[in-house]
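Listed below are the residues making up each chain.
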Amino acid sequence: MKPQPSSPRKRRIHAWPVRICHWINVLAMTGMVMSGWGIYNADPIFAFTFPQNTTLGGWLGGNIAWHLAVMWLMAANALFYLLWGMFSGHFRRDFFPFTLRSVWRDTLRALTFTLPHKLGQYNAVQKLMYSGVLLLGLLLVLSGLSIWKPVQFSGLVWLFGGFDIARYVHFFAMSGVMLFVVIHVLMVLLVPKTLVAMLTGGKKTVTEESTDE
């Protein structure tokens, strides 16, 4: 077989499942966080509470109702994204591989504003962050189940070291996701074209080698 010259073609930067799941997740995450803050305010674990106007539901019963309702939307969205990401090769292709060395290298580049940004191509720091936020999401689900149904999921409660510890884990996992969101928004403000690509899908030129039988 003799390789032929590569032929350029256009490919979407973000496939439609990524875009749909992304924007559904924005709405669901907002509802989960705001209703969660209301639940937290009813029995805070730290010496502070969240402003009432940043919560969703109006009172504890309303906070819980919203939290559970939005939870099912987020769960369905996450399940679809995870299945699509695994079977389409999205995770393998876009999130891996990365190493501690490559993360350190790209972190230094980012801090010195020399890190190149190519649409549709994640650097090592982004790969680490996206992989990490998926793990935080799993931790949120497991700790959330422990808090929601401590009797039915007593095994999970035990793994977390008790109900109170599960609440701390849930809070810090939520804080980690919020930190990811803040960094993500800052990156979008610095590179606005990434927002356009997430809305429209964007296009980039790729080349593929063809072969003669």
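I will try to describe carefully the structure that is included in this document. (Residues numbered from 1 in each chain as written. Predicted model: local features only at pLDDT ≥ 70, side-chain atom pairs only at ≥ 80, totals over all residues. Heavy atoms only, no water.)

## So, the environment of isoleucine 147
Defined as follows: Strands are runs of DSSP state E lasting at least 2 residues, helices are runs of H or I lasting at least 4, and numbering of each runs from the N terminus. For the exposure calls, accessible area comes from a 1.4 Å probe over protein chains only, and a residue counts as buried if that area is under 20% of its type's maximum, exposed if over 50%, partly exposed in between. It only takes one pair of heavy atoms within 4.5 Å for two residues to be counted as in contact.
With respect to the helices, strands and loops of the structure, isoleucine 147 is situated in helix H5 (residues 124–148). Judged by its relative accessible area of 26%, isoleucine 147 is partly exposed. Spatially, the C-alpha atoms of isoleucine 147 and isoleucine 165 are 9.8 Å apart, while their sequence positions differ by 18 residues. If sequence neighbours within four positions are ignored, isoleucine 147 has contacts with Phe163, Ala166, Arg167 and His170.

## Quick word on the pattern of salt bridges
Stated formally: Salt bridges are defined as contacts in which a side-chain nitrogen from Lys or Arg sits within 4 Å of a carboxyl oxygen from Asp or Glu.
Following the criterion strictly, the structure yields three salt bridges and no others. Through salt bridges with shared partners, a single network forms among Arg105, Asp106 and Arg109.

## A closer look at helix H2 (residues 60–88)
Put simply, the rule reads: Helices are assigned an expected span. That span is 1.5 Å times one less than the residue count.
Its 29 residues give H2 an end-to-end C-alpha distance of 41 Å, which sits within 8% of 42 Å, the value for a rise of 1.5 Å per residue. Buried residues of H2: Gly62, Asn63, His67, Val70, Met71, Met74, Asn77, Tyr81 and Gly85, and no others. At its buried positions, H2 is contacted by helix H1 (16–42), helix H3 (90–95) and H5. Within two residues after H2, glycine 89 carries a phi angle of roughly 85 degrees, on the positive side.

## A short note on the packing of aromatic side chains
Pairs of aromatic rings are described using the distance from one ring centre to the other and the angle between the two planes. What counts is decided by this rule: Here is the rule: rings of Phe, Tyr and Trp (six-membered ring for Trp) pair when centre to centre is within 6.5 Å. Planes less than 30 degrees apart are stacked, more than 60 are edge-to-face, and the remainder are tilted.
Applying the stated criterion across every chain yields a total of 17 aromatic pairs. Between phenylalanine 46 and phenylalanine 172 the ring centres are 5.9 Å apart and the planes differ by 70 degrees, which places this aromatic pair in the edge-to-face class. Within this pair, whereas phenylalanine 46 is found in the loop between H1 and H2, its partner phenylalanine 172 is found in helix H7 (residues 163–190), the two being separated by 126 residues in sequence. Assessed through its relative accessible area of 29%, phenylalanine 46 is described here as partly exposed. A network of ring pairs unites the aromatic residues Trp37, Tyr40, Phe46, Phe48, Phe50, Tyr168, Phe171 and Phe172 as a single cluster.

## What about the nonpolar core?
Rules: We define the nonpolar core as a collection of buried residues of types Ala, Val, Leu, Ile, Met, Phe, Trp, Tyr and Cys that are connected through side-chain atoms lying within 4.5 Å of one another.
Ranked by size, the top nonpolar core spans 18 residues in total, and within it Phe95 and Phe171 carry the most contacts. Counting only elements with at least two residues in this core, the list comes to H1, H3, H5 and H7. Ranked by residues supplied to this core, first place goes to H7 with five residues. Sequence-distant contacts of phenylalanine 95, defined by excluding residues within four places in its chain, comprise Tyr81, His90, Tyr122, Lys127, Tyr130, Ser131 and Leu134. The next biggest cluster of nonpolar side chains, apart from the first, holds five residues, and it includes Ala28, Val70, Met71 and Met74.

## A short note on H5
Spacing of three or four residues puts side chains on the same side of an α-helix, whose turn is 3.6 residues. When the terminal C-alpha atoms of H5 are compared, their 36 Å separation across 25 residues agrees well with the 36 Å that a helix rising 1.5 Å per residue should span. Buried residues along H5 sit in contact with H3, helix H4 (100–111), helix H6 (154–160) and H7.

Function-wise, these values are silent; they only describe arrangement.
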